[in-house]
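Chain by chain, the residues:
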Amino acid sequence: MNDRKKNMDSRTDRDFSVQLKNSNKFNPNWSSQISKFHVICIYESKKLNADDTRSQIEREIPKFTALQVYSEFGGTTTYIVWDSTYQENKELFIELRYTARDELVLRIARNIVLYLIKRYEEYSGMSATTHPKLKDREHIHFLIQKFYTSLKKSTFLKDNMVWEDFCNFFNEHLIEWTFQDMEYSIGNDILRKMDKLELNERFLDFLSKNVKENRKFQQRFLEIVNHYTKEWINKIVKIMDLEQLSLQKFEFLLHIQSDQVYSERSFRKNYHVVNKGNLEVMSNSLYQSTREALSQNTFDSVHSSPWPTALLRKGQLTGSVKMMPSITSNENERHLANMSWKQVVQLSELDVDVLDALCAYYLTNARHYKDVVEIRIDYLLSLRGLRPKLGGNGGRGGYEKSQRYEILKSLSRIQSLWLDIDQVVIYANGKPEHVSLKGRIFAFKDKNNKEYEIDEKSLEGNLYYTVGDVFEKFLFGSGRQVALLPMKTLQYNPYKEKIEKRLIRYLSWRWRTQARKAEYFKPYKMSTLLEVVGLEINKRVPSRSRDRMEQALDRLLADGLISSWQYEKWEEDIASYKGWAHIWKNSTLQIMPSERIIEQYRSIEWKRKKKSKAELVSVNPEVEIRVLGEQIRKTRTLLRLSLQRVAEELEISTSYLSNIERGAKTPSSHVQRRLITWLQKNSIYD
């Protein structure tokens with residue numbers, strides 16, 4: 001007996017793990033002989049606080065998948081007491097149990113906050129560690145306390161029977177594990193010879209020792225608690241309807257709604273450009289052609305111009321984009337041209353990512369195409385999926401200077417782009433017009449609303465910019481054209497995964513052009529896709545080119561950016577014949593967008609169908625027209641927009657809009673639809 005006890009005391013965690021694995025035949029008769037006992041957990045004086053949660057957010061959000069209440073066994077002292085002892089000191093033990101219960105609810109509240117922050121990151125694209133409120137200790141403490149109070153008062157956790165069921169479930173597992181250990185260490189023969197008193201004494205000895213010293217046992221202890229509380233959390237998520245939330249609802253629950261302040265200069269600031277994992281970018285052919293020129297770096301020398309020039313040819317679009325420094329430069333032309341060629345050499349997929357990020361941010365935050373918006377370099381980094389380093393030992397965290405400098409150089413290159421368009425189609429008053437355009441893509445301005453050149457000083461503080469004269473033509477009235485671009489596009493590696501980037505950019509643009517008629521099944525030519533991604537067929541080993549292209553498609557599929565892809569005209573047997581690469585190059589594919597993209601674009605088709613029916617309906621009664629005019633006037637006033645600006649956006653005269661607001665004019669059904677669309681887009685009551 002003593003020898004067995006000595007062996008038990010010296011056994012290792014590995015022995016315990018092997019023992020549990022091999023001792024699956026637990027005799028349930030042992031349970032009936034064990035007296036009622038209680039597990040009392042006493043937490044250290046330092047409870048879970050906002051700093052703990054904030055550090056966990058910084059540490060765990062990147063890999064956050066499971067809802068674990070406990071990650072380690074430390075921080076508590078656990079006692080096993082018989083029911084007789086418990087009853088003798090009932091008031092004390094009840095107080096200790098309620099304290100432990102409150103601590104567990106607090107940890108569940110912490111996990112709910114983590115869950116919401118993780119979902120918010122997915123929807124907004126913004127890192128929680130850089131958000132001004134979510135990195136604030138007091139705000140995190142407030143959120144935890146808010147959910148803690150709500151859980152205790154408004155959920156099933158207020159029911160004592162729920163906790164009794166939990167304790168019974170937990171104790172059953174402890175009995176089973178302990179007897180598996182005893183059977184392995186002492187043996188069934190000796191256990192059967194023990195009377196009830198001795199069996200209970202040895203049971204308490206084994207259980208107490210395992211809880212205090214055995215890491216494997218402690219790990220199983222945590223696993224069963226985490227498993228049970230995970231079910232609780234999942235139930236709470238469903239009860240509180242947290243699974244399907246809008247970005248606005250996440251902001252409401254996390255108390256991070258940003259109050260919009262509109263100044264006379266129309267500077268606008270916001271942090272949210274991602275909606276359900278997608279960005280909104282321009283979808284006109286000029287924007288797509290400019291992206292392709294930057295991506296594939298098609299800049300070259302042209303006759304009679306010192307500036308690097310990329311020709312743009314797509315449909316009815318003809319023109320060029322030049323790398324030409326801003327007119328505010330005081331350097332001579334030859335020196336500036338040399339600088340431009342150096343900028344061209346430095347072009348990469350990063351520049352296209354920054355261009356898309358600037359475009360998405362502007363489209364989301366500008367209510368008028370003349371607005372100036374404010375953005376931070378760190379936010380551009382967060383959109384690319386990069387996370388700031390954590391501060392430690394009193395040091396400051398944040399992004400590295402080299403990362404911020406890389407974005408700054410990219411912004412400088414984008415600022416230098418000059419569009420010289422001979423012909424492009426824009427829409428005015430709903431009708432296509434062929435126009436020629438010249439100007440910058442974006443104009444960067446200081447706080448005095450004057451253009452300036454981006455330099456190293458721009459690393460400090462925020463940047464202000466507006467859309468240039470060329471692209472503003474595509475951002476108002478019926479000429480506004482936007483497409484959904486998956487957020488993941490910006491997060492692919494700009495060097496190792498540039499084919500994936502180029503491919504999803506092109507597909508996203510094509511899906512927008514197909515959305516009106518839902519023509520997503522239209523096949524793509526492999527030759528076109530190869531040209532788009534800049535992949536030439538390896539003449540010596542063409543299979544490498546095919547493998548790389550299919551690898552990119554599989555990656556988009558695995559990341560949920562497309563729902564499926566398949567060859568339409570291609571027989572696999574052809575690959576065994578000489579010259580198969582030429583046939584493969586001329587094959588066609590079907591590439592379907594994700595369900596999320598189709599769902600969001602479905603509203604475009606639905607609205608058009610609804611409008612066509614509305615044309616058969618007579619003009620609304622005058623009383624409804626007066627209400628509509630009143631809504632337009634109130635919304636315009638609250639947004640501090642002039643009659644001229646709104647009239648320009650609606651493509652009607654200022655006097656006509658004024659009469660509509662006063663109820664003096666009845667707009668046509670066509671103009672009515674424009675007014676309603678404008679109200680929906682600029683609604684301040686969402």
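Our subject is the structure that appears above.
Structure report, in brief. Here the residue numbering is sequential within each chain, running from 1 through the sequence in written order. Totals for whole chains, interfaces and linings use all residues, but because this is a predicted model, local features are given only for residues with pLDDT of at least 70 and pairs of side-chain atoms are given and counted only at 80 or more. Neither water nor hydrogens contribute to the side-chain values; these are computed over all heavy atoms in the structure.

A few words on the overall build of the protein. Secondary structure follows DSSP: runs of H or I at least 4 residues long count as helices, runs of E at least 2 residues long count as strands, and numbering of each begins at the N terminus. Looking only at helices and strands, the protein features 27 helices and 16 strands. Counting across all 686 residues of the protein, residues that qualify as buried make up 50%. Residues are treated as being in contact if the distance between any of their heavy atoms lies within 4.5 Å. By sequence separation, contacts in the protein at least 24 residues apart represent 75% of the contacts at least 6 residues apart. For the protein, the accessible area works out to roughly 35,400 Å², and carbon and sulfur atoms hold 47% of it. To sort residues, take the accessible area from a 1.4 Å probe on protein chains only and compare it with the maximum for the residue type: under 20% means buried, over 50% means exposed, and anything in between is partly exposed. Exposure was quantified through the Shrake-Rupley algorithm and a 1.4 Å probe, taking into account, for residues, occlusion by the shown protein chains and nothing else.

What follows deals with the environment of R334. One can find R334 in helix 14 (residues 333–345). The spacing of R334 and W307 is 27 residues in sequence and 9.4 Å in space, taken between C-alpha atoms.

So, about unusual backbone geometry. Its identity is not glycine, yet N297 carries a phi of approximately 50°, on the positive side. Positionally, N297 belongs in the loop between helix 13 (285–296) and strand 5 (300–302). Residue classification places N297 among the partly exposed residues on the basis of a relative accessible area of 27%. Phi at A518 takes a positive value of approximately 55°, unusual for a residue other than glycine. The class of A518 is partly exposed, set by a relative accessible area of 34%.

Next up on the list: the sheet that holds strand 14 (residues 524–525). Pairing between sheet strands relies on hydrogen bonds along the backbone, with the strands arranged either parallel or antiparallel. Should DSSP find at least two bridges between two strands, the strands are regarded as paired. Read across the open sheet, the three strands follow the order 14-16-15; overall the sheet is antiparallel. Of all the strands in the sheet, just strand 14 and strand 15 (562–567) have a single pairing partner and so form its edges. Axis angles are defined between N-to-C directions and span 0 to 180 degrees, where every axis is a line fitted to C-alpha atoms and, for a helix, only to the segment in contact. Along the sheet face, helix 21 (residues 542–558) touches strand 15 and strand 16 (588–593) and points at about 150° away from the line of strand 15.

The next point concerns the environment of F221. As for its position among the elements, F221 is in helix 11 (residues 215–239). Judged by its relative accessible area of 6%, F221 falls in the buried class. Sequence spacing of F221 and W177 is 44 residues, and the spatial spacing of their C-alpha atoms is 9.8 Å.

Interhelical geometry of helix 8 (residues 160–185) versus helix 11 gives an angle of 150° and a closest axis separation of 11 Å. Relative to helix 11, the element helix 8 lies roughly antiparallel. The chirality of how helix 8 crosses helix 11 is right-handed. Counting all contacts with helix 8, which are made through V162, W163, D165, F166, F169, F170, H173, L174, W177, T178 and Q180, the residues of helix 11 involved are F217, R220, F221, I224, V225, Y228 and W232. Under the scheme applied here, ten amino acids are nonpolar (Ala, Val, Leu, Ile, Met, Phe, Trp, Tyr, Cys and Pro), four are charged (Asp, Glu, Lys and Arg), and all others, including Gly, are polar. Classifying every residue of the contact of helix 8 with helix 11 by side-chain character gives 13 nonpolar, three polar and two charged. In this scheme, roughly parallel covers angles under 35 degrees and roughly antiparallel covers those over 145, while 65 to 115 is roughly perpendicular and the rest are oblique. Put simply, a crossing is left-handed when the front helix is turned counterclockwise from the back one by less than a right angle, and right-handed when it is turned clockwise.

To continue, consider the pattern of salt bridges. By salt bridge we mean one thing: a side-chain nitrogen of Lys or Arg within 4 Å of a carboxyl oxygen of Asp or Glu. Taken as a whole and judged by the stated rule, the model has 22 salt bridges. Note that E630 and R633 form a salt bridge whose closest N and O atoms lie 3.1 Å from each other. Of the two residues, E630 and R633 are both situated in helix 24 (residues 622–638); the distance of three residues between them amounts to about one turn of the helix. Using a relative accessible area of 33% as the deciding quantity, one classes E630 as partly exposed. Within the structure, one salt-bridge network assembled from shared partners comprises R291, E349, D353, D356, K501, R502 and R505.

Here we take up helix 15 (residues 349–365). A helix's residues, less one, multiplied by 1.5 Å, set its expected span. If you check helix 15, its first and last C-alpha atoms are 24 Å apart, about what 17 residues at 1.5 Å a residue would give, namely 24 Å. Burial analysis of helix 15 places 16 of its 17 residues in the buried class, which makes it a mostly covered element.

Turning our attention to the packing of aromatic side chains. Note on aromatic pairs: the rings of Phe, Tyr and Trp (six-membered ring only in Trp) are paired at centre separations within 6.5 Å, and the planes decide the class, stacked below 30 degrees, edge-to-face beyond 60, tilted for the rest. One pass over the full model with this rule turns up 22 aromatic pairs. Between the aromatic rings of F179 and F203, the centroid separation amounts to 5.6 Å while the plane-to-plane angle is 25°, which identifies the pairing as stacked. On the criterion of sequence distance, the pair formed by F179 in helix 8 and F203 in helix 10 (residues 196–213) is long-range, its members being 24 residues apart. Across the pair, exposure class does not vary: F179 and F203 are buried alike. Pairwise contacts between aromatic rings join F156, W163, F166, F169, F170, Y228 and W232 into one cluster.

Moving on to the nonpolar core. Only buried residues count toward a nonpolar core, which is a set of Ala, Val, Leu, Ile, Met, Phe, Trp, Tyr and Cys residues joined through side-chain atoms within 4.5 Å. Ranked by internal contacts, the top residues of the largest apolar core, which has 62 residues, are L411 and F442. Take this core: its biggest share by element is 11 residues, from helix 15. Formed by 60 residues, the second largest nonpolar core is a distinct cluster that contains I140, F179, L245 and I256.

Glancing now at the side chain of H38. Relative to the helices and strands, H38 is located in strand 1 (residues 37–43). Under the rule applied, a polar contact is a pair of N or O atoms within 3.5 Å (in protein, one hydrogen donor and one hydrogen acceptor; residues adjacent in sequence only if both atoms are side-chain atoms). Here the side chain of H38 touches D83 through a polar contact of 2.7 Å, side chain to side chain. Excluding residues that lie within four positions of it along the chain, H38 makes contacts with Y79, I80, V81, W82, D83, Y86 and R97.

With that settled, the discussion passes to the environment of D205. Inspection of the secondary structure assignment puts D205 in helix 10. When its relative accessible area of 29% is taken as the criterion, D205 is described as partly exposed. Here the alpha-carbon distance between D205 and T178, two residues 27 residues apart in the chain, equals 9.8 Å.

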